[in-house]
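The primary structure of each chain is shown beneath.
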Amino acid sequence: MIAPFANLFGYILNFIYNIVNNYGLAIIIFSILIKIILLPLSIKQQKTMKKTTKIQNKLKEIQFKYKNDPENLNRATMELYKTENMSPFSGCFSGIVQIILLFAVFYLVRSPLTYMQKMPAENMNNYIKQLQESGKSVSQNYPEIDIIREYNFLKEKNVEDKELDKANLQMNFLGLDLSKVPQQNMSDITVYIIPILYILSSFVSIKLTTSMQQQNNKKDEKEPIKDEKGTELVPTEEKDEMDAVMETNKMMS
């Protein structure tokens, strides 16, 4: 299911690479393009999340009212979604699509010769065997990257092999050799730059998301759930449970 998307993305990435002639720059442009393609899904998901947040109080009212009556709880919940013109699974589809596309991009970057350059598996297996026989380090997870890195060495052994020319990719980007796998180059400090940038960007993303959640929670605290008579429906025990969940989220962050 993922391979067809990776194969399609391979054509796009190869087209971009042929224009810019640099793998790192091609990846950046490709990533921006994918973000633009996914923008409608992201906007739809954000709208669904906002709409879901708005009906949370109504859902909690129903859950409290029918907490001992599962049948009426399901019926009332479905009626609420119908009234609000929403589906309980409306946010799942866009999430699943984004996950599939994310894995497709991972497959593509992990195996550029397969999905981007369309190199036959038989040829790659032959090149890997030559590297192993020569005592070269070959990663089990990223063998195609090793073929790209050792292109000059392999070309000396396969001078007339035109198929091997597909592995002649420009992997140097801003002083970084993108063909170096960290596990094989632990002494090279440059291989840690991208992982560190990834960790920092992930941390910032988590902090921003957590901050937004806390702001939403504060808004919810100002508007307690009440019934038609004005009686607050969320008991103290449930409030304590909500506080515990928030504390757990902080610890996880």
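Here we summarise the structure given alongside this text. Remember, it's a predicted structure, so these values are computed and weren't measured experimentally. (Residues numbered from 1 in each chain as written. Predicted model: local features only at pLDDT ≥ 70, side-chain atom pairs only at ≥ 80, totals over all residues. Heavy atoms only, no water.)

**Notes on a nonpolar patch on the surface**
Here's step 1: Side chains of M186, I189, Y192, I193, I194, I196, L197 and L200 sit close together on the surface and give an oily, nonpolar patch of about 780 Å² of accessible area.
Here's step 2: Here Y192 shows up in the loop between β2 (176-177) and α10 (193-222).
Here's step 3: Judged by relative accessible area, which is 30%, Y192 ranks as partly exposed. (Patch = residues over 30% accessible without salt bridge, like charges linked within 9 Å, V, L, I, M, F, W, Y side chains within 5 Å. Areas by Shrake-Rupley, 256 points an atom, 1.4 Å probe, with all protein chains shown as cover. Salt bridge = Lys/Arg side-chain N within 4 Å of Asp/Glu carboxyl O. Helix = DSSP H or I, 4+ residues; strand = E, 2+ residues; numbered from the N terminus. Buried < 20%, exposed > 50% of the residue type's maximum accessible area, 1.4 Å probe, protein only.)

**Digging into the pattern of salt bridges**
Here's step 1: Enumeration according to the criterion identifies 7 salt bridges in this entry.
Here's step 2: Note that E150 is salt-bridged to K136, the shortest N-O span being 3.9 Å. Placement of the pair is E150 in the loop between α8 (143-149) and α9 (151-157) and K136 in the loop between α7 (121-133) and α8, with a sequence separation of 14 residues.
Here's step 3: The partly exposed category is assigned to K136, whose relative accessible area is 32%.
Here's step 4: Of the charged contacts in the structure, one is a salt bridge between K180 and D188, with a shortest N-O distance of 2.6 Å.
Here's step 5: Accessibility expressed as a relative area gives 29% for K180, which makes it partly exposed.
Here's step 6: Members of the salt-bridge network, linked through shared partners, are K136, D146, R149 and E150.

**A look at the packing of aromatic side chains**
Here's step 1: As enumerated under the stated definition, the model contains 2 aromatic pairs in all.
Here's step 2: A ring pair is formed by F9 and F30, whose centres lie 5.7 Å apart and whose planes are at 75 degrees; its orientation type is edge-to-face. With F9 in helix α1 (residues 2-20) and F30 in helix α2 (residues 23-54), the pair connects residues that are 21 residues apart, well separated along the chain.
Here's step 3: Given the relative accessible area of 6%, F9 is considered buried.
Here's step 4: Judged by relative accessible area, F30 falls into the buried class, the value being 2%.
Here's step 5: Taking the centre distance of 6.4 Å and the plane angle of 70 degrees together, the rings of F106 and Y107 count as edge-to-face.
Here's step 6: Taking the relative accessible area as the measure of exposure, F106 reaches 42% and is therefore partly exposed.
Here's step 7: Judged by its relative accessible area of 34%, Y107 falls in the partly exposed class. (Phe/Tyr/Trp six-rings, centres within 6.5 Å; stacked < 30°, edge-to-face > 60°.)

In short, shape yes, function no, at least from these values alone.
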